[in-house]
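A look at the structure
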Amino acid sequence: MIRTVRVEDAISVVEIMNQAIEERKNAYLSPFEAKQGSDWFERLKASALAFVVKTDTRGDVCGWGTLTPYRSGRDAFQRAVEITFYFERAARGLGWGKEMIEHLEQLSHTMGKHHLVAILLDDNVPSQRLLVKMGYEEWGNFRELAEFPDRNRGHMYMGKRLT
């Protein structure tokens, strides 16, 4: 089931984000400590146009997704949103990413948004494959812009126009 995020989901959402940080699937360099993670969650919740979680059959949060303004405050981008989604390790490859993207696209459509922008590191091949399968295209790649201790990675933009 996909539902709107709740305050009590914060710990699970932060844990999922920390997995992505540890796996270098996000541009943060270090996992969030408790207070830092709580603050990050609250800022995201406050700025998101939509913030949802995916729960498994036991009702545990196994993934989350958001729609946030793209380049907030710039009127020419008012119909564009950034789409973000993450799943815990055990929940990947089960088709739930597709379900999350479809859900967020439907919410975008309902909000009158025309463009979805996914921003990811260019070595995140599983997310790229899923996005391509869902009709997204590569719109740009700032090669080696993200500097990590082990190596640099590109900052890729993928997008889709909703009709």
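Structure: see above.
We now turn to the structure provided with this report. In this text the structure is predicted, and so the values were computed from the model without any measurement. (Residues numbered from 1 in each chain as written. Predicted model: local features only at pLDDT ≥ 70, side-chain atom pairs only at ≥ 80, totals over all residues. Heavy atoms only, no water.)

**Quick notes on the pairing of strand E7 (residues 152-161)**
Within E7, 7 of the 10 residues are buried, which leaves it mostly tucked inside the rest of the structure. Alignment of strand E5 (residues 115-121) against E7, held across 7 bridges, turns out to be antiparallel. Counted as the bridge partner of Leu116 is Lys160 from E7. With 7 bridges connecting them, strand E6 (residues 137-147) and E7 associate as antiparallel partners. Residue pairing for E7: Gly140 is matched across the bridge by Tyr157. In textbook terms, the turn of a hairpin is the stretch between consecutive antiparallel strands, and for E6 and E7 this stretch comprises 4 residues. (Buried < 20%, exposed > 50% of the residue type's maximum accessible area, 1.4 Å probe, protein only. Helix = DSSP H or I, 4+ residues; strand = E, 2+ residues; numbered from the N terminus. Pairing = 2+ DSSP bridges.)

**Notes on the layout of surface pockets**
Roughly 1200 Å³ of internal volume is contained in the largest pocket. Lining the largest pocket are 44 residues, with Lys25, Thr84, Phe85, Tyr86 and Ile119 sitting closest to its centre. Take the lining of the largest pocket: its biggest share by element is 6 residues, from strand E4 (residues 80-87). Residue composition of the lining of the largest pocket, grouped by class: 24 nonpolar, 12 polar and 8 charged. (1 Å grid on protein atoms, 1.4 Å probe; cavity = no way out; pocket = protein on both sides within 12 Å on 5 of 7 lines; lining within 4 Å. Points joined across faces, edges and corners; volume = space filled by probe spheres on them. Nonpolar A, V, L, I, M, F, W, Y, C, P; charged D, E, K, R; others polar.)

**Points about the sheet that holds strand E1 (residues 2-4)**
Spatially, E1-E2-E3-E4-E5-E7-E6 is the arrangement adopted by the 7 strands of the open sheet, whose pairing is mixed. At either end of the open sheet lies a strand with only one pairing partner, and these are E1 and E6. Averaged over neighbouring strand pairs, the angle between their axes works out to 25° when direction is ignored. With 6 bridges joining them, strand E2 (residues 50-55) and strand E3 (residues 61-69) adopt antiparallel strand pairing. Bridging from a neighbouring strand, Lys54 pairs with Gly63 of E3. Together, E4, E5 and E7 form the strand contacts of helix H4 (residues 125-133), whose direction differs from that of E5 by roughly 160°. (Axes fitted to C-alpha atoms, helices over the stretch in contact; angles between N-to-C directions. Contact = heavy atoms within 4.5 Å.)

**Considering the pattern of salt bridges**
Overall, the coordinates contain 13 salt bridges when judged by the stated rule. Arg89 is paired through a salt bridge with Glu23; the nearest N and O atoms lie 2.6 Å apart. Here Arg89, found in the loop between E4 and helix H3 (96-110), pairs with Glu23, found in the loop between helix H1 (10-22) and helix H2 (34-47); they are 66 residues apart in sequence, far enough to count as distant. On the accessibility criterion, Arg89 (42% relative accessible area) is partly exposed. (Salt bridge = Lys/Arg side-chain N within 4 Å of Asp/Glu carboxyl O.)

**A few points about the environment of Thr57**
Residue placement: Thr57 occurs in the loop between E2 and E3. The exposed category is assigned to Thr57, whose relative accessible area is 83%. For the pair formed by Thr57 and Met1, sequence separation is 56 residues and the distance between their alpha carbons is 8.2 Å.

**Structural notes on the side chain of Asp9**
By the element assignment, Asp9 lies in the loop between E1 and H1. Setting aside residues no more than four positions away along its own chain, Asp9 makes contact with Arg3, Thr4, Val53 and Val61.

**Observations concerning the packing of aromatic side chains**
Enumeration over the complete set of coordinates arrives at 8 aromatic pairs. For the pair Tyr28 and Phe32, a centre-to-centre distance of 4.9 Å together with 70° between the ring planes defines the contact as edge-to-face. With relative accessibility at 8%, the residue Phe32 sits in the buried group. Here the aromatic cluster, defined as three or more aromatic residues joined through ring pairs, consists of Tyr28, Phe32, Trp40, Phe41, Phe51, Trp64 and Tyr86. (Phe/Tyr/Trp six-rings, centres within 6.5 Å; stacked < 30°, edge-to-face > 60°.)

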